Amino acid sequence: TIGTLVGILPGAGSNIASIMAYNEAKRWDKHPERFGSGDIDGVLVPESSNNASVGGALVPLMSLGIPGSAGAAVLVAGLVAQGLQPGPQMMEQNADIAFAFIAAMIVVNFGIIPIGYLLARLSSKILVVPKLYIIPSVLTLSFIGAYALRNSGFDVLVMVLGGIAAYVLTKAKIPPAAIALGLVLGSMIEESLGTTLMRANALDSVWDLLIFTPLAFFLFMLNVAVLCIPLWRYIKARRECRIETCAQKFSLNNLRRFDFWVLLVLTGVTLIFLHECGKLTGDSRVFPQVVFSVMLLLCVVILVQILIAPADEITDGKITLVNATTTREALFYMALCVAGYFLMSSLGFYASMTVIMMIMLIYSARGAKYALSAKNLMKFLGVTVIVVFAQWACFNGLLHVATPQGLLF
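Parameters at a glance
Residues numbered from 1 in each chain as written. Predicted model: local features only at pLDDT ≥ 70, side-chain atom pairs only at ≥ 80, totals over all residues. Heavy atoms only, no water. Helix = DSSP H or I, 4+ residues; strand = E, 2+ residues; numbered from the N terminus. Contact = heavy atoms within 4.5 Å. Phe/Tyr/Trp six-rings, centres within 6.5 Å; stacked < 30°, edge-to-face > 60°. Buried < 20%, exposed > 50% of the residue type's maximum accessible area, 1.4 Å probe, protein only. Expected span 1.5 Å × (residues − 1). Core = buried A, V, L, I, M, F, W, Y, C linked by side-chain atoms within 4.5 Å. Axes fitted to C-alpha atoms, helices over the stretch in contact; angles between N-to-C directions. Parallel < 35°, antiparallel > 145°, perpendicular 65-115°, else oblique. Left-handed = near helix turned anticlockwise from the far one by under 90°. Nonpolar A, V, L, I, M, F, W, Y, C, P; charged D, E, K, R; others polar. Patch = residues over 30% accessible without salt bridge, like charges linked within 9 Å, V, L, I, M, F, W, Y side chains within 5 Å. Areas by Shrake-Rupley, 256 points an atom, 1.4 Å probe, with all protein chains shown as cover. Salt bridge = Lys/Arg side-chain N within 4 Å of Asp/Glu carboxyl O. Polar contact = N/O pair within 3.5 Å; in protein donor to acceptor, adjacent residues only side chain to side chain. pLDDT = per-residue confidence, 0-100.

A. Just the overall build of the protein, in detail. Tallying secondary structure elements over the protein gives 17 helices and zero strands in all. When contacts within the protein are restricted to residue pairs at least 6 apart in sequence, those whose partners lie at least 24 apart make up 69%.

B. Inspection of the packing of aromatic side chains at higher detail. All told, the structure shown has nine aromatic pairs when counted by the stated rule. Judged by centre distance (6.3 Å) and plane angle (65°), the ring pair of Y133 and F380 falls under edge-to-face. On the criterion of sequence distance, the pair formed by Y133 in helix α7 (residues 131-150) and F380 in helix α17 (residues 374-398) is long-range, its members being 247 residues apart. Overall, Y133 belongs to the buried group, its relative accessible area being 15%. Given a relative accessible area of 0%, F380 falls into the buried group. A centroid spacing of 5.5 Å and a plane angle of 80° characterise the contact between F260 and W261, whose relative ring orientation is edge-to-face.

C. Main features of α7. In this model α7 runs 30 Å from its N-terminal to its C-terminal C-alpha over 20 residues, within 8% of the 28 Å that 1.5 Å per residue would give. Residues of α7 that are buried include every one of L132, Y133, P136, S137, T140, F143, I144, A146 and Y147, and no others. Backbone geometry just after α7 places N151 at a positive phi near 55°.

D. Structural view of the nonpolar core. In terms of nonpolar packing, the biggest core is built from 18 residues, with F143, V156, F349 and Y350 touching the most fellow members. Looking at this core, the elements that each hand over two or more residues are α7, α8 (153-171), α15 (324-347), α16 (349-367) and α17. Look past the residues within four positions of V156 in its chain and what remains in contact with it is F143, A146, Y147, Y341 and M344. One finds M62, A72, L84 and A98 within the second-largest nonpolar core, a separate group that totals eleven residues.

E. Representation of the packing of helix α13 (residues 258-277) against helix α14 (residues 286-307). It is the contact of α13 with α14, at a shortest axis distance of 9 Å, that shows an interaxial angle of 155°. In terms of their interaxial angle, α13 and α14 are classed as roughly antiparallel. The crossing of α13 and α14 is left-handed. In this structure, α13 uses D259, F260, L263, L264, L266, T267, T270, L271, F273, L274 and C277 to contact α14, whose residues at the interface are P288, Q289, F292, S293, M295, L296, C299, I302, L303, I306 and L307. The residue inventory of the contact of α13 with α14, partitioned by class, reads 17 nonpolar, four polar and one charged.

F. Geometry of the packing of α7 against α8. Between α7 and α8, whose axes approach to 7 Å, the crossing angle comes to 135°. Comparing the axis directions of α7 and α8 gives the class oblique. Relative to α8, α7 is oriented so that their crossing is right-handed. Facing S142, F143, A146, Y147, L149 and R150 of α7, the residues of α8 in contact are G153, D155, V156, M159 and V160. Taken together, the residues of the contact of α7 with α8 sort by class into seven nonpolar, two polar and two charged.

G. Fine view of the side chain of D155. With respect to the helices, strands and loops of the structure, D155 is situated in helix α8. For D155, the contacting residues outside a window of four places in its chain are A146, L149 and R150.

H. Looking closely at a nonpolar patch on the surface. A contiguous nonpolar patch, built from M91, F99, I102, I106, F110, I112 and I113 and spanning about 720 Å² of accessible area, is present on the exposed surface. Sorting elements by how many residues they give to the nonpolar patch places helix α6 (residues 95-123) first, with six residues. Within the fold, F110 resides in helix α6. The class of F110 is exposed, set by a relative accessible area of 59%.

I. Representation of α8. Taking 1.5 Å of rise per residue, the 19 residues of α8 would be expected to cover 27 Å, and the 28 Å separating its terminal C-alpha atoms lies within 8% of that figure. Taken together, the buried positions of α8 are occupied by D155, V156, V160, Y167 and L169. The N-terminus of α8 is capped by S152, whose side-chain oxygen sits 3.2 Å from the backbone nitrogen of F154. A positive phi of about 65° marks K173, the residue just after α8.

J. Layout of the pattern of salt bridges. Counted according to the given criterion, the structure contains three salt bridges. The partner of D155 in a salt bridge is R150, and the shortest N-O contact between them spans 2.6 Å.

K. Local environment of the side chain of T270. Examined against the element boundaries, T270 turns out to sit in helix α13. Owing to a relative accessible area of 1%, T270 belongs among the buried residues under this scheme.

L. Examining the environment of R257 more closely. The topology assignment puts R257 in the loop between α12 (243-246) and α13. The buried category is assigned to R257, whose relative accessible area is 9%. Within the structure, R257 has its side chain in polar contact with the side chain of D259 (distance 2.7 Å).

M. Spotlight on unusual backbone geometry. For N151, which is not glycine, the phi dihedral falls at a positive 55°. Positionally, N151 belongs in the loop between α7 and α8. Here N151 falls in the partly exposed class, since its relative accessible area comes to 40%.

N. Structural detail: the confidence of the model for the protein. With 86% of its residues at a pLDDT of 70 or more, the protein has an overall mean of 78. Looking across the protein, the model is least confident in α12, with a mean pLDDT of 47, and most confident in α13, with 88. When the criterion is pLDDT under 50, residues 311-325 qualifies, and its contacts beyond four places in sequence or with other chains add up to 23 contacts.

Put into structure tokens, the structure is as follows:
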């Protein structure tokens, strides 16, 4: 349902549908801790929402001529190239083609069942690939993917720093998926807010436009319900639990919790940005001021909750990230990604990817208790060359992405 509804919204796309479906499934599940641990529900929910958004994107395309996703935009270009105009006129003048789209969606949804059944066994072989090879391959592919977006090394730096921030937030029990959704929707919301404010100035009342119309009032109450229902469930859970377990009391042990210090840093950063928003003028400062004000309020509320956390939530004053081996590996990969960013300009893009992938494989082999024999080293080198060559062939040979050149290649 979420995937179809999000697909109907013009410009939203499958990424937003997947993130929203995952968040809602996790929030309403009786055991939300299962999500993020590889549980099958955490895989099925976003993928089913992703598929559902494809059919939903055809609704504004066929009815209004507005593409609901990037794939629908390609369809619009193809239809226009054939002399067809998507929208109400197409339903009237070319009904056979319009209904062919509808029939195709029905056939595809039934046809994907046998295809998926036949490919499931073959696709499951991917799970046999050791994590030793997957992590370096994904990290190097992330480098070239981020760079190919705008042929900018700054995007690679943003990707590396964003990955580090997401890891820290995850360990502080702050889901980065919600932040990713905000980043995707932020530009759309700001643009729509600017349009709304201009219309409100023409009507001399922003409340008449935002609340006191039937559709706006319905959407406003829907947002209030979305915010209040989780709060009601939290209060209900507190009332049902035992008093000795849920007794809230300030404890100095909570000052040593990792999530407390992460929230404290976020609060400070939010205050700095909120102060900088005061230097903006006109309607351009409304959106950032609202965002950072809400963020500051949430940070303060969560900090208070941490400080008065009940006894069963206190971790004996210890900063518990993850087990030591996993933490060391994560820090090593982060440091190597930062080093890879600086090596791009000196060694060359693909040469630096070869170096950092080889180092990752050797380090991961030690953690997985692989013997660093000449045979394994040659195997690592072969995998590295194949992966980097495949990336070069795809991005440089096919997509013609110009990457930085250095001393090597």
